[in-house]
Each structure stands twice: as structure tokens, then as C-alpha cells.
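# A look at the structure
Here's the letter readout for the chains.
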Amino acid sequence: MPTPSTNRLHRTGYLVKQGGGPRYNWKKRWFVLDPDEKCLRYYETRENTEKAKGTIRLTDTTILDPITCFNEVQKDNCFGIRCTSPKRTYYMFDKKDGMEGCREWYRTITSVWRTCNSQKQSNDDTIIPNVVVTDQHASTRVDGGSAISRISGNDELVSTVPPDVHIRNHLKYYSELRTHGNRSTQNETDRLKTRVFRLLNEEKKKFASREAFERSVVGWQEDLDVMECLYCKGQFKLLFRRSHCRTCGKVVCASNADCSTVVDLVTLANLIDVENTKGIKVDEGPVARICKDCKFTYEQLGAQTKGKRSQQTKFNVLFSQIEDGKSEADRMITSYGNLYGEGAGDAGNIRGAQAMRAQLLQKLELIIQLGTMLVNLPECASGERQEIAANVRISLMTWYQPRKAMLSEIETKR
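Our subject in this report is the structure included herewith. (Residues numbered from 1 in each chain as written. Predicted model: local features only at pLDDT ≥ 70, side-chain atom pairs only at ≥ 80, totals over all residues. Heavy atoms only, no water.)

## Examining the nonpolar core
Counting residues in each nonpolar core, the largest one holds 22 residues, and the members touching the most others are Ile322 and Leu360. Counting only elements with at least two residues in this core, the list comes to helix 6 (292–342), helix 7 (347–375) and helix 8 (383–413). Each residue touching Ile322, except ones within four places of it in the same chain, is listed here: Ile367, Leu370, Gly371, Leu374, Val392 and Leu396. (Core = buried A, V, L, I, M, F, W, Y, C linked by side-chain atoms within 4.5 Å. Buried < 20%, exposed > 50% of the residue type's maximum accessible area, 1.4 Å probe, protein only. Helix = DSSP H or I, 4+ residues; strand = E, 2+ residues; numbered from the N terminus. Contact = heavy atoms within 4.5 Å.)

## Looking at the side chain of Ser111
In this structure, Ser111 sits in helix 2 (residues 98–124). The buried category is assigned to Ser111, whose relative accessible area is 12%. Within the structure, Ser111 has its side chain in polar contact with the backbone oxygen of Arg107 (distance 2.9 Å). (Polar contact = N/O pair within 3.5 Å; in protein donor to acceptor, adjacent residues only side chain to side chain.)

## A few points about the sheet that holds strand 1 (residues 11–19)
Two modes of strand pairing occur in sheets, parallel and antiparallel, and in both the strands are linked by backbone hydrogen bonds. If you walk across this open sheet you meet the seven strands as 4-3-2-1-7-6-5, and the pairing is antiparallel. Each edge of the open sheet carries a strand with a single partner, namely strand 4 (54–57) and strand 5 (61–64). Averaged over all pairs of adjacent strands, the angle between their axes in this sheet comes to 30 degrees, without regard to strand direction. Relative to strand 4, strand 3 (residues 39–43) runs antiparallel, the two being bridged by four bridges. Pairing of Arg41 across the sheet is with Thr55, part of strand 4. Along the sheet, helix 1 (residues 66–73) makes contact with strand 1, strand 5, strand 6 (78–84) and strand 7 (87–93), crossing strand 6 at roughly 85 degrees. (Pairing = 2+ DSSP bridges. Axes fitted to C-alpha atoms, helices over the stretch in contact; angles between N-to-C directions.)

## Let's talk about the state of the cysteines
Overall, the coordinates contain zero disulfides when judged by the stated rule. Free cysteine Cys102: the closest other cysteine sulfur is in Cys78, separated by 7.2 Å. Overall, the relative accessible area of 4% leaves Cys102 in the buried class. For the unlinked cysteine Cys245, the closest cysteine sulfur is that of Cys248, found at 3.5 Å. (Disulfide = S-S within 2.5 Å.)

## Observations concerning helix 1
Within an α-helix, residues lying three or four positions from one another point in the same direction, as the helix has 3.6 residues per turn. Taken residue by residue, helix 1 has Pro66, Ile67, Cys69, Phe70 and Val73 as its buried positions. Down the axis of helix 1, the buried set is contained in an arc of 165 degrees. They therefore lie on one face. In the segment just after helix 1, Gln74 is the residue with positive phi, at about 55 degrees. (Arc of directions from axis to C-beta.)

## So, unusual backbone geometry
One non-glycine residue, Asp273, adopts positive backbone phi at about 65 degrees. One can find Asp273 in the loop between helix 5 (265–271) and strand 15 (287–291).

## Observations concerning the side chain of Asn201
Considering the arrangement of structural elements, one finds Asn201 in helix 3 (residues 170–201). You can call Asn201 buried: its relative accessible area is 8%. Other than its neighbours up to four places away in sequence, Asn201 contacts Glu275, Asn276, Thr277 and Lys278.

## Focus: helix 4 (residues 210–217)
Inspection of helix 4 places Phe213, Glu214 and Val217 among the buried residues, and these make up the whole buried set. Around the axis of helix 4, the buried residues are gathered within 95 degrees of arc, so they sit on the same side.

## Concerning the packing of aromatic side chains
The tally for this structure, following the rule as stated, stands at seven aromatic pairs. With 5.0 Å between their ring centres and 75 degrees between their planes, Tyr14 and Trp30 make a pair best called edge-to-face. Remark: Trp30 occurs in strand 2 (residues 27–34) and Tyr14 occurs in strand 1; sequence separation between them is 16 residues. Their ring planes at 10 degrees and their centres at 6.3 Å tell us that Phe79 and Tyr106 sit as a pair that is stacked. One end of the pair, Phe79, is in strand 6; the other, Tyr106, is in helix 2, with 27 residues separating them in the sequence. In this structure Tyr106 comes out as buried when scored by relative accessible area, which is 2%. The rings of Phe31, Tyr42 and Tyr90 are connected pair by pair, giving a single aromatic cluster. In this structure, Lys28 packs its charged tip against the face of Tyr14, placed 4.7 Å from the ring centre. (Phe/Tyr/Trp six-rings, centres within 6.5 Å; stacked < 30°, edge-to-face > 60°. Lys NZ or Arg CZ within 6 Å of the ring centre and 35° of its normal.)

This is the structure we're talking about:
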């Protein structure tokens, strides 16, 4: 068992880690930061510290700030360590203490990192991580004035921080973090929609097998890297088999409906407003298995798309009704004039013309009412729709007045 250090930078605690990249599972481990050995060790539990499960040497590494980690693994309050030899990235977060825990671990690890890399910084112009550490306060850099530097022996370009940058405003920091998160989420949503489009529309004959085609759409997580289902935690074996989500590539079980679902791709495309270029009908097209997370994302997208469609439909329906009503009214006016012209002295034609006139007046008033409803739609209160609605109203009045005068003119001639 390692002897506790008296160094002020010595730190212990539970962190949830993911090692090796996004395809690996998150696991809770007991971490010990040893500033004397310049390393971070992790154990199975706090009680079982006879032999470390792994050791992360802080030499020849890059410390990853929470914004970078969020963009890479979509996890809040997460920091990371990128090793150059062996080439591996560890992501970690403090599940218990959240933001404050992340900050303290990040501060102390960065302090140890700086002490063991101080010689390299002077000789090789090595980068300073995206944290400015003082005795009183540690701040994460979120402004736009970064420089670019190169780590010795590592071709990766990373952001550096001017030594005088101190940001103590947590609200500003997390606002920046959330902005990055929103962009990342939107990018991932676009990628998922692109994958659905390819699965539905792309020609599959050029691939050797269906699996080869699906692997070309999204890379699959390797079977041997996952021993249990991500959701139900069931151990994979002969009768409890692995399957892959066709839109994100994760390994999940196929036995539990809560973990993965087979969906009709045409139905899914209609739900999230993805184009069906081949015109395939529902229940006649391909199907695909998707995981629980992707299903939730698609349901959220579907709800947003439905809301947009309902707003657009109301505007479009009213506009179509106005245009159709105008065409019908013009035809009725022509018929009305013919009845009066043909029926001079025919009591039956006169009564028919009078009835048609009453219908025409109702039709004209209805068209004006529809125009008023369209102009008063909430979506027409500003922007492009407001301009369109104003033009529709002007067009209606320009159309309405001559038709009303035409009716009077026909009756006068009679």
C-alpha cells in the first residue's frame, strides 16, 4: 500500500474514468495523485490499494480542459489527460462533487504537471495547459486570445494561455462551456440525420454485404471491447448476444427492448424530416436497430419537427384557402354575369342569379376573414412572414374592391 504523501498537492478520491477513447465504458475508480512520483494512480476501490490497476505518468502529457472534453465525449464537468507514450487519452469526472470537484482535481493535477514539465517549458517551449494556477485561486481560460504551441515530441497543436489571464466568473465560464456543448450537440444531431439518410437512400449493391454497408455509414464499436450491455449491464454470452446501433455504432444487447429497438427507416425519416429520395413506402423499406440514446434523440427531433410543421401548416393552409377562394369567386362572378345576360325576363334565371349573388358576397367576406386570420398569426408578427402577410393583405384588398364593384355593375346593366 502506498505511503500517504505530506505534499500539499497530494490528493485522493473517487473519479469516474473512461480510458482509451469514447468506445470504452465509464468506470468508477479510486484515484491517488502522487506529486512526488509525478503520477496519477487508480485502484479498483479505496479499500483495495495493494496493487494499482493503472498509473498515468504526467510527463509527456497534455491536460485537457472541460470544454475540450465536452466536445470529445459530451460529458459535463469532465477533464482529461492525453498521454503520448503509450498514446492514450483518459477522461475523468467527479460524480460526487461535480463542478467544484472537477475544478480542484484539474487545479492540482495541472500544478503537478507544471512542476514535472518546468524544465521542458524552458528548453522546448512546451505549452501551458488551459488553467492559470495561483496560491489563492485557479481559473479556467475561456477568452478568445489563445496562442498555438507545440509539445516536444508530439505533433499535436494545442491552445496555450497567456500567463496573466484570470477568469473568476463561473457564470461566464459555464456559458462558454454550454455554447460549445450546444454546437457539439447540433453537430451530432446532424450526423445522426445524415446516417439515417444514407441507410435509407444509399445504393447498397456496391458493398459486399449488408454489414459492410452499415459499417461504412458509421464505425462499429469492437465486440471484444465490450463485455456487458451499456444499459442493462447484462453480461454478453452465447444466448445473450451483442448487437450494434446502426446510427452511432455502440454495442448494446438485442434482448432487452429498453436497450435497443428495430425501427422502420421510412417511418424514422418521416419523423425527423429526412428526405426519402426513392419514395419508399412505410413498412416496405429497410429496418435498422438503434440504441436507447439514439431513439431518445430521434424522438426529441421528431417533437421539434412536428412543432415546426404545425406552425408552417397553419400559414400554408390559410394561404391556400385564400388563393383557392379567389379562383372560385372569379368563376362564380363569370357565371353570375352569364345568368343575368341570358335571363333577361326569365324569372327562374333571375332567382338563380340572386341566390348566386348572395353566395358570392359570403365568399368575398370569407376570403377577407381568412386574410385577417393569416395576418394575425403569431409567426407573422415579425421577420419574413410579416412581410409576406402584409403583401397578402394588400393583394386581397386590391383584388376585393374591383370584384365588389363588378357585382354592382352587372346588376345596374340588368
